[in-house]
Structures are given as C-alpha cells and as structure tokens.
Amino acid sequence: MPYLAKILIYPIKSLDGVEVAQAEVLSSGALKGDREFAIFDAQGKFVNGKRHPKIHLLRAVYPNTSDNQTVSLKIPDQDSSLVFNLNTDREKLTAALSDFFGFSLTIIQNSLMGFPDDTDSPGPTIISTATLTEVASWFPGVTVDEMRRRIRANIEIAGVPPFWEDHLFSEPDKLVAFRVGNVRFFGVNPCQRCVVPTKHPDSALVYPNFQKIFIQKRQATLPNSINLSHFNHFYRLSVNTRLPTSESGELLQIGDEIEIISDIN
C-alpha cells in the first residue's frame, strides 16, 4: 500500500527545507508554512536559484519545527550562524541578505498560499522515494538525499516502485482524484523542472550534461501506461496538485495511506 513517508516544508522559498511529521492544509490547497516567505529584488523578481546561484551557499535551519518562524542562517565567511525570527527580525534578516547578495532586497510573506512556482496548482508537489533513488542512480556521485534536495518536492511516497506517482496525472483536461489519509487531492500534471536540479544544492556547481542525461533516462523509464500528452519534453518530474477548499484545516501525517480514486473531467 502506498503511504506518506516524508513531508518537507520550505519556509523561505529557495532556501533549505525542514522535515515535519504533519502539515496542515490551507484553504488555497498549499501546506501551511511552505514557501510562506520569499526574497525579492528591487524589480520585484524572485531571488532564487534560477537567477542567483549564490543562494545555494546559504544554509538555513529551523530550530522549532512546530511553527518554522525562527531561522538559523549560516552565511559564508560568517564565524557563526545568525538567528532571526521571521516576524520580528525581518528587517535584520533583510539587511544581512542584502549585504550577502550585494544588492537591495525585500522579504515578503504570503500566509494564504505561499509562493509556489505554479499558482494554478499550489498544492504540495509529490514524488516517491523509489523515484528519487532511481534518478540519483543516473548521476554517479549523487546520493538520494542530494537528489531530494535538488528536486525539492513536498510529499514523498514509499511502498511503490519508481515513477508510481506518474499515475497521479492523466490527460491535460482531466484531473486524477486521490486521497492521502483523509485528505482529498487532485493530481494535475508532471512538474516541469528548471535549472535548479542541475546544480549541487550546497555549492551551486553544475553537474555536467545533467539535463541531457535526465531527458534521455526519463523518456526511457517512463511507465508504458502513462499518457504522453503532458510530455512536450521529458524534463519533468514529480506531480503538481490542487486540493479542494473543503480540505482546509485537514492534516497530512507520516504514515497516511494513499489511494487513487478516479480520473475526473
């Protein structure tokens, strides 16, 4: 039986995540606290790994996983980590990050939906442990945990073979209904990957030919029963989701069983 093995929340978009035992669903369908804060430059653009590889050099730890409102940040060339409360110390954190990046920035909070890459499908992204293991094997020297940090999915499923989660989407005009514990989900599409997975999550060094290897292997290992209509290219991995507003306040918990219900129009 497929079951929920890991839940990962990323309190500050593009920085390190934190593993939690349970997560609350917001009315938007996003997980409470996930990408709740984001860093923006003066032009209102995200400061992220796509545009600023230097962000990979920052290490973020969240000492209190019950609310993730306190971050311990290790900045290169600083003797020790700096601790900030994301509510009361945001100006100090902004100043420290502006100094690190060398330009003015702001930190903005969105407690209703966070800042997902896909605002049409802001639910948690889903992948299986077996998939991460398989994909890591395509790249000598890359561990499963490193691949996990490259892909940055929210929910990890165990008890299934590699790429089982590809059954959680169908044709572009259909959704796949499924349950995680008591929480209803709609699977939408395979997530289009960006440049971030090509880079080492600590150093930002690019793995040679990462996208080329990934695309070749992904196409070769795609389950035969999967509808190809979403795959205008094969640089896609994990599943984007939506959750109905009725699930607001529900909890996802480690160990929850997962059941596919049906395709719906």
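Residues numbered from 1 in each chain as written. Predicted model: local features only at pLDDT ≥ 70, side-chain atom pairs only at ≥ 80, totals over all residues. Heavy atoms only, no water.

Points about the overall build of the protein chain
The number of helices and strands found in the protein chain is 4 helices and 15 strands. What you see for the protein chain is a C-alpha radius of gyration of 18 Å, in line with the 18 Å of a compact globule of 265 residues. The buried share of the protein chain, reckoned over its 265 residues, is 52%. Contacts in the protein chain between residues far apart in sequence, at least 24 positions, make up 71% of those at least 6 positions apart. In the structure as shown, the protein chain presents an accessible area of about 12,000 Å², 49% of it carried by carbon and sulfur atoms. For the protein chain, the distance from the average site of its 26 positive side-chain charges to the average site of its 30 negative ones is 6 Å. (Helix = DSSP H or I, 4+ residues; strand = E, 2+ residues; numbered from the N terminus. Rg over C-alpha atoms; globule rule 2.2 N^0.38 Å. Buried < 20%, exposed > 50% of the residue type's maximum accessible area, 1.4 Å probe, protein only. Contact = heavy atoms within 4.5 Å. Areas by Shrake-Rupley, 256 points an atom, 1.4 Å probe, with all protein chains shown as cover. Lys, Arg positive; Asp, Glu negative; His and termini not counted. Charge placed at Lys NZ, Arg CZ, Asp CG, Glu CD.)

Focus on the environment of Ile261
For Ile261, the location among the structural elements is in strand S15 (residues 258–264). Its relative accessible area of 44% is what places Ile261 among the partly exposed residues. The spatial distance from the C-alpha of Ile261 to the C-alpha of Ile75 is 46 Å, given a sequence separation of 186 residues. Aside from chain neighbours lying at most four places away, what touches Ile261 is Ala177, Phe178 and Arg179.

Let's talk about the pattern of salt bridges
All told, the structure shown has 15 salt bridges when counted by the stated rule. For Asp145, the salt bridge goes to Arg148, with nearest N and O atoms at 3.3 Å. Of this pair, Asp145 and Arg148 both sit in helix H3 (residues 144–151), 3 residues apart, which is roughly one turn of that helix. By relative accessible area, Asp145 is classed as partly exposed at 43%. A relative accessible area of 13% means that Arg148 is categorised as buried. Where salt bridges share partners, they join Asp16, Arg59, Arg149 and Asp202 into one cluster. (Salt bridge = Lys/Arg side-chain N within 4 Å of Asp/Glu carboxyl O.)

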